[in-house]
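Okay, here's what each chain looks like letter by letter:
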Amino acid sequence: QVQLVESGGGLVQPGGSLRLSCAASGFGFSNYGMGWYRQAPGLERELVAHITSGGSTKNYADSVKGRFTISRDNAKKTVYLEMNSLKTEDTAVYYCNRPSTPFASWGQGTQVTVSS
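The shown structure was predicted, so the numbers you read here are calculated from the model rather than taken from an experiment.

1. Brief notes about the state of the cysteines
Applying the stated criterion across every chain, the model contains one disulfide. Two residues, Cys 22 and Cys 96, share a disulfide whose sulfurs are 1.9 Å apart. A torsion of 55 degrees about the S-S bond marks the disulfide between Cys 22 and Cys 96 as right-handed. In this pair, Cys 22 sits in strand E3 (residues 18–25) while Cys 96 sits in strand E9 (residues 92–97), placing the two residues 74 residues apart along the sequence. Comparing Cys 22 with Cys 96 shows no difference in burial state: the two are buried.

2. Quick word on the pairing of E9
Along E9, six of the six residues are buried, which leaves the element largely enclosed by surrounding structure. Relative to E9, strand E4 (residues 34–39) is paired through five bridges, and the arrangement is antiparallel. By the bridge assignment, Gly 35 is partnered in E9 with Asn 97. Inspection of the sheet shows E9 paired to strand E10 (residues 110–114) by three bridges, in the antiparallel sense. Of the residues in E10, the one forming a bridge with Ala 92 is Val 112.

3. Quick word on the nonpolar core
Membership of the largest hydrophobic core comes to 28 residues, with the highest contact counts inside it found for Leu 4, Leu 20, Trp 36, Leu 81, Met 83 and Tyr 94. At the level of elements, E3, E4, strand E5 (46–51), strand E7 (68–73), strand E8 (78–83), E9 and E10 are the ones that each hand at least two residues to this core. At four residues, the largest contribution of residues to this core is made by E3.

4. Points about the side chain of Arg 72
If you trace the backbone, Arg 72 turns up in strand E7. As a buried residue without a salt bridge, Arg 72 has its nearest oppositely charged side chain in Asp 73, at a separation of 8.3 Å. Here the side chain of Arg 72 touches Tyr 32 through a polar contact of 2.8 Å, landing on its backbone oxygen. For Arg 72, the side chain forms a polar contact with the main-chain oxygen of Thr 52, separated by 3.0 Å.

5. Considering the sheet that holds strand E1 (residues 3–7)
The four strands are arranged E1-E3-E8-E7 in an open sheet whose pairing can be described as antiparallel. Both edges of this open sheet fall to E1 and E7, since each of them pairs with a single strand only. Across the sheet, the mean angle separating the axes of adjacent strands is 15 degrees when strand polarity is ignored. Two elements, E3 and E8, share six bridges in a ladder whose sense is antiparallel. Bridge pairing in E8 places Ser 21 opposite Tyr 80.

6. Looking at the sheet that holds E5
Strand order across the open sheet formed by six strands is E2-E10-E9-E4-E5-E6, with mixed pairing between neighbours. Each edge of the open sheet is held by one strand with a lone partner, namely strand E2 (10–12) and strand E6 (58–60). Adjacent strand axes in the sheet meet at a mean angle of 25 degrees when their direction is disregarded.

What counts, and at which threshold
Residues numbered from 1 in each chain as written. Predicted model: local features only at pLDDT ≥ 70, side-chain atom pairs only at ≥ 80, totals over all residues. Heavy atoms only, no water. Disulfide = S-S within 2.5 Å. Helix = DSSP H or I, 4+ residues; strand = E, 2+ residues; numbered from the N terminus. Buried < 20%, exposed > 50% of the residue type's maximum accessible area, 1.4 Å probe, protein only. Pairing = 2+ DSSP bridges. Core = buried A, V, L, I, M, F, W, Y, C linked by side-chain atoms within 4.5 Å. Lys, Arg positive; Asp, Glu negative; His and termini not counted. Salt bridge = Lys/Arg side-chain N within 4 Å of Asp/Glu carboxyl O. Polar contact = N/O pair within 3.5 Å; in protein donor to acceptor, adjacent residues only side chain to side chain. Axes fitted to C-alpha atoms, helices over the stretch in contact; angles between N-to-C directions.

Have a look at this one:
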């Protein structure tokens with residue numbers, strides 16, 4: 001029933017920008033905080049950005065703070081991640097999920113590749 005569909009990834013040059021989207025359905029989206037995660041080859045999945053249910057509070061991993069911006073549109077049940085000044089280290093598959101009580105089944109994610 002729960003569905004999380006990530007999109008917007010692609011190949012970008014260092015210093016470029018990208019905007020990811022996560023379309024959610026099957027649960028009370030507006031009642032929960034949401035987060036963006038990423039997983040690079042050989043590394044564990046990490047939470048890079050979090051936003052509270054109403055969007056009033058946002059938190060970021062130190063590695064992306066100042067460069068990424070998380071936002072949400074509860075009417076559209078969508079979470080966004082604006083990525084600027086991209087670095088090669090940002091290369092990973094990006095996923096969205098509910099940090100409080102994560103859904104066991106993760107989406108397919110969207111690939112972000114930063115390379116010259």
